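# Notes for the structure review
If you want the building blocks of each chain, they are given just below.
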Amino acid sequence: MQATKPTHVRYLILLMLFLVTTINYADRATIAIAGSSLQKDLGIDAVTLGYIFSAFGWAYVAGQIPGGWLLDRFGSKKVYALSIFTWSLFTVLQGYVGEFGVSTAVVALFMLRFMVGLAEAPSFPGNARIVAAWFPTAERGTASAIFNSAQYFATVLFAPLMGWIVYRFGWQHVFIVMGVIGIIFSLIWLKVIHSPRQHPLINEAELNHIAANGAMVDMDQDKGKGKKTDGPKWDYIRQLLTNRMMLGVYLGQYCINGITYFFLTWFPVYLVQDRGMTILKAGFIASLPAICGFIGGVLGGVISDYLLRKGHSLTFARKAPIIAGLLVSSSIIACNYVDVEWMVVGFMALAFFGKGVGALGWAVVSDTSPKQIAGLSGGLFNTFGNLASITTPIVIGYIIATTGSFKWALVFVGANALVAVFSYLVIVGPIKRVVLKEPPAKGPELTNLTEAHS
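Numbers given for residues are sequential positions, taken from 1 along each chain in its written order. Totals for whole chains, interfaces and linings use all residues, but because this is a predicted model, local features are given only for residues with pLDDT of at least 70 and pairs of side-chain atoms are given and counted only at 80 or more. For the side-chain quantities, the full set of heavy atoms in the structure was used; hydrogens and water were omitted.

Rules: UniProt positions are given in the numbering used here, feature names are shortened, and annotations may be inferred rather than shown by experiment.
As recorded by an unreviewed UniProt entry, the protein chain carries the name MFS transporter and is attributed to Pseudomonas tritici. According to the UniProt record, the Sequence similarities (unreviewed entry) comment for the protein chain is "Belongs to the major facilitator superfamily. Phthalate permease family." Of the protein chain, the UniProt comment under Subcellular location (unreviewed entry) reads exactly: "Cell inner membrane".

Quick look at the structure:
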């Protein structure tokens, strides 16, 4: 009798992660595409614009650990769906800040960007949890790279569209269009996303395959159904923060995100103000480095999993693409030494390609996170990484205000890539899953916790 062929539902799940991350990053980038026109309409300087850019980051960072805890407590499906709907609603509301006076509009825009950041906080820890639940270890690098590469695809797909909307209708309409798309997608998410054991389309052959090869298929069992569960202990966080490998990964992600947030915030402004392009042209030009970043992002995961399948250690398979990619990414500094437009775009594209290849941090998190606190571990990782969403826009704003140009800003971005290389070469060491130590028993409560996590 012929065995039943396994289904491939995990690829549908990966498609959903890719699409939601595309929308996620497009909503983050709305402010960058609208930035130059918005700055002109509201009459604000570079430092003020830098603080508005950073508003997302303050809340996004603050929400990481609570967001990770909510994912571990209630499961990925419901928490993520609420997150998508909420950040999309706040994106729509940004389109109406122009109805107020200048000072009120600036404050309202800052607060709405802050709320978008808070609502998006569970998104990437949620991605990492879903990948850990649905994908075997040998497929996890590619899966993580694909959802992470959506940040580049968002620019490829939406930057030209958003640039055209700003040029044709005004900056306000960018926020409304993108917010409505997100609200619709939150409803689709609820229909399609389920944990492996509950998904109506999966068969036993696929479930057995992924479970036998490292997928944590029971991660969301009984979450959010009223069953008593203890939240992750603060001692777990202490153990992660005293682990040298994890500290190196956190520093590396901070620097990698420093590069990301230059592209998400100041890059279109750089093209308009430093290189003299129209916002319409800048929207299309911004998509070219993003295409290269997308290709690099997928390629980095494919290379990493290929090395793993060929028998290389997990450490080598993850580190080699990260280090090589980030060395290439430091080439962004070369833009300071060329004046020809196509060469500027070429170096930006090369830098973004390298950054894409090296952006395997979420695969490393899926490889290393303790099973009890996969969401919290991802949240802590994203907390450190997204401190760059606060510091990068502000630092670059001050650099531009002080020097009157973007030259030192590009040096700052390139230096981030080199520090990330140092972190993975010197600090991280061998990559392996963290095993948490349980605190001393205090009675029956610990027994219940141990059973719940077994």
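### Concerning the overall build of the protein chain
As a reminder, the rule being used: Helical segments are the DSSP runs of H or I of at least four residues, strand segments are the runs of E of at least two, and each set is numbered from the N terminus. With the radius of gyration taken over C-alpha atoms, the globule rule is written as 2.2 Å times the number of residues to the power 0.38. The classification of residues rests on relative accessible area computed with a 1.4 Å probe and restricted to protein chains. Under 20% of the type maximum is buried, over 50% is exposed, and intermediate values are partly exposed. For this analysis, residues touch if any pair of their heavy atoms sits within 4.5 Å. Areas reported as accessible are Shrake-Rupley estimates using a 1.4 Å probe. Residue values count occlusion only from the protein chains shown. By the counting scheme adopted, Arg and Lys are positive, Glu and Asp are negative, and His together with the chain ends is not counted. Where a charge sits is defined by one atom per residue type, namely NZ (Lys), CZ (Arg), CG (Asp) or CD (Glu).
Each helix and strand in the protein chain was counted, giving 19 helices and 0 strands. Relative to the 2.2 N^0.38 estimate, which gives 22 Å for 454 residues, the radius of gyration of the protein chain is 22 Å and therefore close to what a compact globule would have. Taken over 454 residues, the protein chain has a buried fraction of 58%. Here the contacts in the protein chain between residues at least 6 apart in sequence split such that 84% fall between residues at least 24 apart. When the accessible surface of the protein chain is summed, it comes to about 18,000 Å², and 68% of that surface belongs to carbon and sulfur atoms. One finds the centroid of the 33 positive side-chain charges in the protein chain at a distance of 4 Å from the centroid of its 22 negative side-chain charges.

### What about the packing of aromatic side chains?
For any pair of aromatic rings, the description consists of the separation of the ring centres together with the inter-plane angle of the planes. Quick note on the threshold: Aromatic pairing here means that ring centres of Phe, Tyr or Trp (its six-membered ring) are within 6.5 Å. Orientation follows from the plane angle: under 30 degrees is stacked, over 60 is edge-to-face, and everything else is tilted.
Scanning the model with the defined rule gives 19 aromatic pairs in all. Judged by centre distance (5.4 Å) and plane angle (85°), the rings of Trp164 and Phe169 are edge-to-face. Judged by relative accessible area, Trp164 falls into the partly exposed class, the value being 40%. On the basis of relative accessibility, which here comes to 42%, the residue Phe169 falls in the partly exposed class.

### Overview of the confidence of the model for the protein chain
Applied cut-off: Confidence of the predictor in every single residue is expressed as pLDDT, which spans 0 to 100.
With 92% of its residues at a pLDDT of at least 70, the protein chain reaches an overall mean of 84. Considering each helix and strand of the protein chain separately, the mean pLDDT is smallest for helix α19 (residues 444-453), with a value of 36, and largest for helix α13 (residues 314-329), with 95. Taken together, the stretch residues 443-454 has pLDDT below 50 and engages in 13 contacts with residues farther than four places along the chain or on a different chain.

### Side note on empty space enclosed by the protein
Think of a ball as big as a water molecule: rolled over the atoms, this probe shows where empty space is left. Put simply, the rule reads: Cavities and pockets were defined on a 1 Å grid built over protein atoms only: a cavity is a set of grid points that admits a 1.4 Å probe from which the probe cannot escape, a pocket is an open set flanked by protein on both sides within 12 Å along at least five of seven lines, and lining residues are those with an atom within 4 Å of any such point. Grid points are joined across faces, edges and corners, and a volume is the space filled by probe spheres set on the points. Think of it as three bins: nonpolar holds Ala, Val, Leu, Ile, Met, Phe, Trp, Tyr, Cys and Pro, charged holds Asp, Glu, Lys and Arg, and polar takes everything else, Gly as well.
All chains considered together, the criterion is met by 4 cavities of 30 Å³ or more. The volume enclosed by the largest cavity comes to roughly 140 Å³. Along its surface, the largest cavity is lined by 16 residues, and Ala29, Thr155, Phe263, Leu264 and Phe352 are the ones closest to its centre. Those elements giving two or more residues to the lining of the largest cavity turn out to be α1 (9-42), α7 (137-169), α11 (244-273) and α12 (279-309). A breakdown of the residues in the lining of the largest cavity according to their chemical character gives 13 nonpolar, 3 polar and no charged. Of the pockets and cavities examined, the second largest cavity occupies roughly 70 Å³. Forming the boundary of the second largest cavity are 16 residues, of which Tyr25, Asn148, Gln253, Asn257 and Trp362 lie nearest the centre.

### Quick notes on the packing of α13 against helix α18 (residues 407-427)
Stated formally: Axis definition: a line fitted to C-alpha atoms, limited for helices to the stretch in contact. Angles are taken between N-to-C directions and run from 0 to 180 degrees. Roughly parallel means an angle under 35 degrees; roughly antiparallel means over 145; roughly perpendicular covers 65 to 115; every other angle is labelled oblique. Take the far helix as your reference; a near helix turned counterclockwise from it by less than a right angle gives a left-handed crossing, and one turned clockwise gives a right-handed crossing.
Across the interface, α13 lies against α18 with an axial gap of 8 Å and an inter-helix angle of 160°. What the angle tells us is that α13 and α18 run roughly antiparallel. The way α13 lies across α18 gives a crossing that is left-handed. Counting all contacts with α13, which are made through Lys319, Ile322, Ile323, Leu326, Leu327 and Ser329, the residues of α18 involved are Ala417, Leu418, Ala420, Val421, Tyr424 and Leu425. Looking at the contact of α13 with α18 residue by residue, the classes come out as 10 nonpolar, 1 polar and 1 charged.

### Re the side chain of Ser76
For the record, the criterion: Pairs of N or O atoms are called polar contacts if they sit within 3.5 Å, as long as, within protein, a hydrogen donor faces a hydrogen acceptor (for residues adjacent in sequence, only side-chain-to-side-chain pairs).
By the secondary structure assignment, Ser76 is in helix α4 (residues 76-94). Here Arg129 takes part through its side chain, which lies 2.7 Å from a polar atom of the side chain of Ser76.

### Things to note about α11
Counted only if it meets this: Helices are assigned an expected span. That span is 1.5 Å times one less than the residue count. The angle separating two fitted axes, one through the seven residues that finish at a residue and one through the seven that start at it, defines the bend at that residue.
Under the 1.5 Å per step criterion, the end-to-end length of α11 is 42 Å for 30 residues, consistent within 8% with the ideal 44 Å. The axis of α11 is deflected most strongly, by about 55°, at Trp266, and proline Pro268 appears within four residues downstream. Burial analysis of α11 places 25 of its 30 residues in the buried class, which makes it a mostly covered element. The N-cap residue of α11 is Asn243: its side-chain oxygen and the backbone nitrogen of Met245 are 3.0 Å apart.

### Topic: helix α8 (residues 172-192)
Quick note on the threshold: Working definition: the arc comes from the directions between the helix axis and the C-beta atoms, pointing outward to the latter.
In a regular helix each residue adds 1.5 Å, so 21 residues correspond to 30 Å; α8 covers 32 Å between its end C-alpha atoms and thus fits that length. All of the buried residues in α8 are Val174, Phe175, Met178, Gly179, Gly182, Phe185, Ser186, Trp189 and Val192. The buried residues of α8 occupy an angular sector of 140° when the element is viewed end-on, so they sit on one face. Looking at α8, the residues exposed on the side facing more than 90 degrees away from the buried face are Leu187 and Lys191.

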